[in-house]
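Examination of the molecular architecture
One-letter residues, chain by chain:
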Amino acid sequence: MAQLPLSKEEILEKFGPHQKHEPPGGWDFSVQDPDSKVKTHCCFCGQGCGIILKTKDNQVIGFDPWEAFPFNKGKLCPKGVKRYMQGSHPDRLVYPMENRPGIGYERISWEEAYTKIIEAINRIQGQHGKDAFALLSGVSLTNEKSYLIGKFARVALQTANLDYNGRLCMVSAGAGNKKAFGIDRAANSWADILETDLILCTGTNVSECAPITTDYIWKARDRGAKLIVVDPRMTPIARTADLYLPVRPGTDVYLFNTILNLMIEAGDIDFDFVNNHTVGFEDIKKTVAKYSPQDCEKVTGVPAANIIKAAEWWGRARRSFLLHARGIEHHTKGVDNVLSCINIVLASGRIGRTGCGYGTITGQGNGQGGREQGHKCDQLPGNRDITNPEHRKYVAGVWGIDEKELPGKGLSAQEIVNDIHAGKIKGLLSICFNPLVSLPDTQFTEEALKKLDFYVAIDFFLNETARYANIILPGSLHEEDEGTATTAEGRVVRIQSAVTPPGEAKIDWHIFQDLAKRLGREKYFSFQKSEDIFNEMRVASHGGTADYYGITYGMIEKKMGVFWPCPEVGHPGTPRLFEDKKFYFPDGKARFNTVEYRPSADVINEEYPVYLTTGRVIFHYLSGAQTRRIGFLTDQCPDPYVEIHPRLADDHDIKDGDIVRITSRRGSIDLKAKVVKTIRPDTVFVPYHWPDEKSINRLTQRALDPVSKIPEFKMSAVRIEKIS
Ligand code: SF4
């Protein structure tokens, strides 16, 4: 059983999580001449900003703006500016360790670690079957690592149970895109935002979560474009909107079905496009006919007059661009929410043209690429379907195995943890995934981790989940390996290695190759460099919707990124999809998908009368394993807090700065109140980047979207009370 040999306090003292790092003499390296300047990309969000890292004595010591890189033109958000400070952190894992009950973490050799891992895999799989050993991976890894890990799970571990933390991020958008367009990618590069006349942002706190996108929106507004923002919180971007719709959490389908109905009633439909290039309009027309603005006001809390205004603006715009993110996707009806947005895009016919488009803003560093190349429980490279016999045959052929050897569809991330809790999955390998902080219902995840027979974690810092690992392997930071990543726009970019891993730490994909060799599968894993993996991935993706075949490292460097699909060598890439009005279905037509409003899984009642929604702040990234170790970022936002509207605060005699207890059906948390007018009076907001008693995921629920299997992070029923 995975047990904690040290008390939580001892671990916190030894390994963080709030250990700030300030090298002797401070961080001012301006007087030093760097040894090298390396053009690469920020390791954090899915914007993939270009950055030039400066190195000295095999350490990243600072950065220069990369002004020529076309997406961000040298601009960075605070996380990008301070990212260089994590590399030399004293918490950095630099040798393998074993968790010895009663003793604690002890240094062991790589050979000893590998021997114990292989013994555990063979023992567990021998006793309980191949699928009893699962793999959970991270989507901040490069495309090459994502691809290799997918192949490792299927060919070396031979388990079906591989999934990734993109399951907590983009999967509702991905599933919606595939249902409507047959392909999972933003339809346009962000250059089209600059050319548009109306931008609709829904469920996206652009200014904090995708800061460089704000620059595109503001530039469009400088040209006269209007902005509509739909969000329960008046986020910074919402404060600049021409029309702000403060939707109640979990009611998005109602809003967008009503907008579509109003567009139909007003005749604001592009019938030429709808009749010639789509399927399903008559069905959706019948469905939305009953969605009136008055009923919509009751359900969503948005004034009917503003719903009508939004429908008129969207219906009559000459050019428009719709952007969404986790706010509509983190729901048990996340896919339905996405489809209801896409329906109003298709009805307008404004897609595949200059200034006309649709995009879903990826969250994690390689949120786009990591969901394309076989990293998901139901997917093979090229965004192929693991249940499709032809897709299986093709990929098995590329890998040189019999198709019958290829495992089938496995469990999603939350389902893997559910099965660990149920005692069905006994062993786990994780890399760059911190489920103890990231998954909902923290107490349940903790119970599951304690039940594991064997757990090995690969990471560069000891994250909170890895405290439960039997073996910890030190992997590589973003700047310690090369490869490619794919940004929110669908642009494949080059990640360059700036330094080598410190101490005995290894490049992640070397670890997987070492393990594959010891599992007797060396002949499938004999790559010499990242480019070799990329070249095999190109072939494996060829003919799939996420086709990278024509992309080479040289081409990416020359063009500063290539947009997929790029199906042939010499193909220029595809910044804007659907220019030929051809969608990725056999008949070439896009699909309207009929969706009906349904309530969220958690029920608001007298006992739990308040909506809780969660999200990010600009200074932190995901579970905070990296950003909570960067002093400047931690100083800006050291702790979570709860945003409460003054009216709700008054009802509970809460003043700004008071400690408030928030309680859901799963647990409680005590946080300092921030009384703000920028949130709905029936809703509270808490950011999610902290562990243990500061983790808001102690309150969120494990209910999943039936299609995307994403948990419902964005809507929990809670009560609040002042405790001090
Ligand atoms: Fe750019 Fe995102 Fe990095 Fe900020 S965190 S610099 S927006 S890639």
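Small disclaimer: the values here were computed from a predicted structure and weren't measured.

How each quantity is defined
- Residues numbered from 1 in each chain as written.
- Predicted model: local features only at pLDDT ≥ 70, side-chain atom pairs only at ≥ 80, totals over all residues.
- Heavy atoms only, no water.
- Helix = DSSP H or I, 4+ residues; strand = E, 2+ residues; numbered from the N terminus.
- Buried < 20%, exposed > 50% of the residue type's maximum accessible area, 1.4 Å probe, protein only.
- Contact = heavy atoms within 4.5 Å.
- Phe/Tyr/Trp six-rings, centres within 6.5 Å; stacked < 30°, edge-to-face > 60°.
- Axes fitted to C-alpha atoms, helices over the stretch in contact; angles between N-to-C directions.
- Parallel < 35°, antiparallel > 145°, perpendicular 65-115°, else oblique.
- Left-handed = near helix turned anticlockwise from the far one by under 90°.
- Near = heavy atom within 4 Å.
- Nonpolar A, V, L, I, M, F, W, Y, C, P; charged D, E, K, R; others polar.
- Domains from an automatic or database assignment.
- Buried area = accessible area lost by both parts, 1.4 Å probe.
- Salt bridge = Lys/Arg side-chain N within 4 Å of Asp/Glu carboxyl O.
- Polar contact = N/O pair within 3.5 Å; in protein donor to acceptor, adjacent residues only side chain to side chain.

Its place among the elements puts E568 in the loop between strand 21 (562–563) and strand 22 (590–591). Owing to a relative accessible area of 43%, E568 belongs among the partly exposed residues under this scheme. Distance from E568 to D547, taken between C-alpha atoms, is 8.9 Å for residues 21 residues apart in sequence. If sequence neighbours within four positions are ignored, E568 has contacts with H542, Y549 and G550.

Once that is clear, we can look at the packing of aromatic side chains. The tally for this structure, following the rule as stated, stands at 22 aromatic pairs. Consider the rings of F44 and Y621, whose centres lie 5.1 Å apart with planes at 50 degrees: the pair is tilted. You can see F44 sitting in the loop between strand 1 (36–41) and strand 2 (50–56) and its partner Y621 sitting in the loop between strand 23 (610–615) and helix 23 (631–636), a full 577 residues away along the chain. You can call Y621 buried: its relative accessible area is 5%. Taking the centre distance of 6.1 Å and the plane angle of 20 degrees together, the rings of F181 and F583 count as stacked.

Contact geometry of helix 4 (residues 143–157) with helix 21 (residues 530–541) gives a least axis separation of 9 Å together with a crossing angle of 70 degrees. Here helix 4 is positioned roughly perpendicular relative to helix 21, judged by the angle of their axes. Between helix 4 and helix 21 the crossing geometry is left-handed. On helix 21, the residues that touch N143, E144, Y147, L148 and K151 of helix 4 are S530, I533, F534, E536, M537 and A540.

As a further point, take the site of the ligand. Taken together, C42, F44, C45, Q47, G48, C49, L76, C77, K79, G80, P211 and I212 make up all the residues around the ligand. Across the shell around the ligand, the residue classes tally to 8 nonpolar, 3 polar and 1 charged.

Note: interface size is frequently given as the accessible area lost on complex formation between the parts. Taken as a whole, the protein is organised into domain 1 (8–86), domain 2 (97–169 + 366–563), domain 3 (175–360) and domain 4 (610–723). In this complex, domain 1 contributes 27 residues to the contact, which on the side of domain 2 involves 23 residues. In this assembly, domain 1 packs against domain 2 so that about 2,100 Å² is buried in total across both faces, 62% of it on carbon and sulfur atoms. At the boundary of domain 1 and domain 2, one finds 1 salt bridge. Between E479 and R83 there is a salt bridge, with the nearest N and O atoms lying 2.8 Å from each other. Remark: the boundary between domain 1 and domain 2 carries 4 residue pairs in polar contact (both at pLDDT 80 or more). Of all the elements, helix 1 (residues 8–15) adds the most residues to the side of domain 1 that touches domain 2, at 5 residues. Here the residues of the side of domain 1 that touches domain 2 are counted per class, giving 14 nonpolar, 9 polar and 4 charged.

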